[in-house]
Structures are given as C-alpha cells and as structure tokens.
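An overview of the molecular structure
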Amino acid sequence: MEARVLGRTGASVGVVGFGAWQIGADWSEVSESDAEAALEAAAAAGVTFYDTADVYGDGRSERIVGAFRKSHPGVVVATKMGRRAEQLHANYSEANFLAWNDDSRSRLDMTPLDLVQLHCPPTSVYGDDTVFAALDAMVADGRIAHYGVSVETCEEALAAIARPGVASVQIILNPFRQKPLERVLPAAADAGVGVIARVPLASGLLSGKYTARTEFAADDHRNYNRRGEAFDVGETFAGVDFATGLEAVERLRPLVPDGMTMAQFALRWILDQPGLTVVIPGARNAAQAEANAAAAAFAPLGDDLHAEVAKVYDDLVRPQVHHRW
C-alpha cells in the first residue's frame, strides 16, 4: 500500500487506515470476534494506521485496539480525548487531560501514546494558549508522542494548523463534504501538518447500499442523530439529508469504473486529493476491512471523473452543507 508521512509525527502510514468507531458503539452491535477479525484483515491488507477514541463504547474500542496492537507493534495508533465531559471550554483543562490520558494509556497498554487528538472541542478552545501548553507538557513528560485535533469546521482546522505543536488535523472529507479542498488541505500541506479524513463514506451512504426503505437500529446514530440530537449532525450522513444523499448516490453510481465498488470509488476520490495523508473508513467485519484497503490499489480517477463528482456536489449537496462546516 502507498504510504505517506503523517504530518509532524514523521511517521509513515498506509494511505487507507482503519476507523475504530464502529467496533466501539453507535453502529448497531459489532461482536468482539468480528471486531478482531476486521482489525486482523486490515493489517493483512497493509493498513498501518488505526484511529480510535476514549468514548467509543466507553473504552471498548481502545481496549480492542490495544489488544490488537500487542501482536502488531509496528502500527500507529491514534486516539482522542475530550468528549467524556460536558462540552464546555473549561473542561479542556490540564487536570482532565492527565486523567483521560491515564485511562487511555491503560486501555491501550502503551506509553507514550502515538497520537492523541482533541475530540472536536468547542471552537473557543483553539484560541486558548493554556490548552496547547498542557499538550506540549504531556509530550515533554513522555505521556504522548504527538498531538492533533479532530475538528468539525474548516475554520477550526485552519486555527489548529496554525499551532506549531499540532501534528495532524482530522476532518470530514468525502464527495459530499468538499469544502476542505479549498483552504484546509493546501494550508496543511504548506505547514507540514497531516490530514486524516474521517466519515469518508458519509455514514455508509456512499457505499451505495441504502434505499429509502433502509432502517437502522435504535442504537445506531444513523437513527438517533439524524437531526443532531446527540452530537454534531455533520457526523451522521456527513450532514446531508438522507433523501438528498440517496439522490446524489444515484447520480454518482454510473461514474464508478468497472471492477470498483461505490465505496472504493469514494475512498479513491479522497486519496486523489493533494494534501491528504490517510483516510479512515470503519469496518464491521473482515470483508469490509479488506474491501476498504483495496481502494488504495486503484489508479487515480482522473480529471473527468473528478469534474463529474464536483458537479453532483454543486447541484445537490453544496446548498445543504458547504456554508455550515
């Protein structure tokens, strides 16, 4: 698999990573055996970057990833912190950071942690020098090797990129969320900051497998967070209305080259973007993990296909999302 340098970490990682939200919670039940099989299949396919968070399944995802890492010591593991407390600026404190870090190091069974990301903090946090001084101190103390920020908006990403200690930014990027292409990816490339693309399949919409009759389980965020009831609505279907997303998928479907699934098409679109480091699709089982990793083997899509994807975005999706994030 092609590898790229993950920003200021200096680590080389495969361009398709593994997003471990699904094996924690919020995507219906994923058994521990299926989660382990998905991780093993990803590793066998060349995946070297694994992204989790302390709140995914209340630590379940970190525990599973930590156990997996013991037999795959060369992989890079990123986690996140900040969502265990009410989302108030004051809760992004040194004391909380240290407590959360202790818990993550215990569950992942590693010190220092490769990369710790603030987990979509309140916008005001980005301007607080004391927050980033606390993170710098954690690096100096050997608790973490590097830190980054997972963001909701492009403006937040730009603020993070301007911080000299930020190694990477994680942002929603897919054919339904194209705004980061305008300023975020170029700014990150200029600064030497890594870009991690999350929600790459728009919560599965870009797999092309859903219809208007698709139903999601009660414990699946695609059911309970469609209007942002639990967290930022942009994390569910990338903020696109479900019906509009289905219409856009049907416009994209004829563009998918022979031998490629729609999900692989969406992942390849992301990999083609200059300045992108790694994309982190989730997987519920080994087959999904293998298919995701295979996207890296396809040739770039070419200018004509990218122009067609841009047209679908402009016609259907841009009016709903471009101004919001």
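As shown above, the structure is provided for reference.
Notes on the structure follow. In this text, all values refer to a predicted model and were calculated from it rather than measured experimentally.

Summed over the entire model, instances satisfying the criterion amount to 13 aromatic pairs. Pairing Tyr92 with Phe97 gives two aromatic rings, centres 6.3 Å apart and planes at 85°, and the pair type is edge-to-face. Take Tyr92 and Phe97: they sit in the same class, and that class is buried. Taken together, the ring pairs connect Trp21, Tyr56, Tyr224 and Phe231 into an aromatic cluster. The residue whose ring lies beneath Arg226 is Phe242, and the NZ or CZ to ring-centre distance is 4.5 Å.

This next bit is on the environment of Pro319. Locating Pro319 in the fold gives a position in helix α11 (residues 303–321). For Pro319, a relative accessible area of 54% gives the class exposed. Considered as a pair, Pro319 and Ser33 are 286 residues apart in the sequence and their alpha carbons are 42 Å apart. The residues touching Pro319, leaving out its near neighbours within four places in the chain, are Tyr313 and Asp314.

What follows is about the sheet that holds strand β9 (residues 194–198). On the basis of which strands lie adjacent, the open sheet formed by 8 strands has the order β3-β4-β5-β6-β7-β8-β9-β10 and parallel pairing. Two strands bound the open sheet, and with one partner strand each, they are β3 (18–19) and β10 (278–279). Where strand β6 (residues 115–119) and strand β7 (residues 147–150) come together, 4 bridges link them in parallel fashion. Residue pairing for β7: Leu118 is matched across the bridge by Val149. Helix α5 (residues 154–161) contacts β7 and β8 (166–172) of the sheet and is inclined by roughly 170° relative to β8.

In terms of residue burial, β9 counts as a mostly covered element, since 5 of its 5 residues are buried. Judged by which residues are buried, β9 turns out to be covered on both faces: Gly194, Ile196 and Arg198 on one side and Val195 and Ala197 on the other are all buried. Summarising the sheet, β8 and β9 pair through 5 bridges and their orientation is parallel. If you follow Ser168 over to β9, its bridge partner there is Gly194. Handedness of the crossover joining β8 and β9 through helix α6 (residues 184–191): right-handed. With 2 bridges connecting them, β9 and β10 associate as parallel partners. When the sheet's bridge partners are listed, Ile196 is paired in β10 with Val278.

The next point concerns the pattern of salt bridges. Per the counting criterion, the structure on display carries 18 salt bridges. The partner of Asp54 in a salt bridge is Arg84, and the shortest N-O contact between them spans 3.7 Å. Note that Asp54 is positioned in the loop between β4 (49–51) and α2 (60–70) and Arg84 in the loop between β5 (76–81) and α3 (94–108), a separation of 30 residues in sequence. For Arg84, a relative accessible area of 35% corresponds to the partly exposed category. A cluster of three or more residues bridged by salt bridges with shared partners is formed by Asp54, Asp58 and Arg84.

We now examine the state of the cysteines. Counting across every chain of the model gives 0 disulfides. Free cysteine Cys120: the closest other cysteine sulfur is in Cys154, separated by 13 Å. For Cys120, a relative accessible area of 7% translates into the label buried. What makes Cys154 buried here is its relative accessible area of 7%.

This part takes up the nonpolar core. If you look at the biggest cluster of nonpolar residues, it comprises 98 residues, and the most contacted ones within it are Phe18, Ile23, Phe97, Leu118, Leu135 and Phe176. A total of 8 residues in this core trace back to one element, the largest contributor, which is helix α9 (residues 262–271). Discounting residues that sit within four places of it in the chain, Phe176 has contacts with Ala202, Leu205, Leu206, Val240, Gly245, Ala248, Val249, Leu252, Tyr313, Val317 and Val321. Val76, Leu115, Val278 and Ile280 belong to the second-largest nonpolar core, a separate cluster that totals 9 residues.

In this model, Thr111 is joined to Pro112 through a cis peptide bond whose omega is 0°. Inspection of the secondary structure puts Pro112 in the loop between α3 and β6. Positive phi, close to 50°, is recorded for Cys120, a residue that is not glycine. Along the chain, Cys120 falls in the loop between β6 and α4 (129–140). The phi angle at Phe237 is positive, at roughly 55°, despite the residue not being glycine. Inspection of the secondary structure puts Phe237 in the loop between α7 (221–224) and α8 (242–252).

Rules and cut-offs
- Residues numbered from 1 in each chain as written.
- Predicted model: local features only at pLDDT ≥ 70, side-chain atom pairs only at ≥ 80, totals over all residues.
- Heavy atoms only, no water.
- Phe/Tyr/Trp six-rings, centres within 6.5 Å; stacked < 30°, edge-to-face > 60°.
- Buried < 20%, exposed > 50% of the residue type's maximum accessible area, 1.4 Å probe, protein only.
- Lys NZ or Arg CZ within 6 Å of the ring centre and 35° of its normal.
- Helix = DSSP H or I, 4+ residues; strand = E, 2+ residues; numbered from the N terminus.
- Contact = heavy atoms within 4.5 Å.
- Pairing = 2+ DSSP bridges.
- Axes fitted to C-alpha atoms, helices over the stretch in contact; angles between N-to-C directions.
- Right-handed = clockwise from strand over helix to strand, strands pointing away.
- Salt bridge = Lys/Arg side-chain N within 4 Å of Asp/Glu carboxyl O.
- Disulfide = S-S within 2.5 Å.
- Core = buried A, V, L, I, M, F, W, Y, C linked by side-chain atoms within 4.5 Å.

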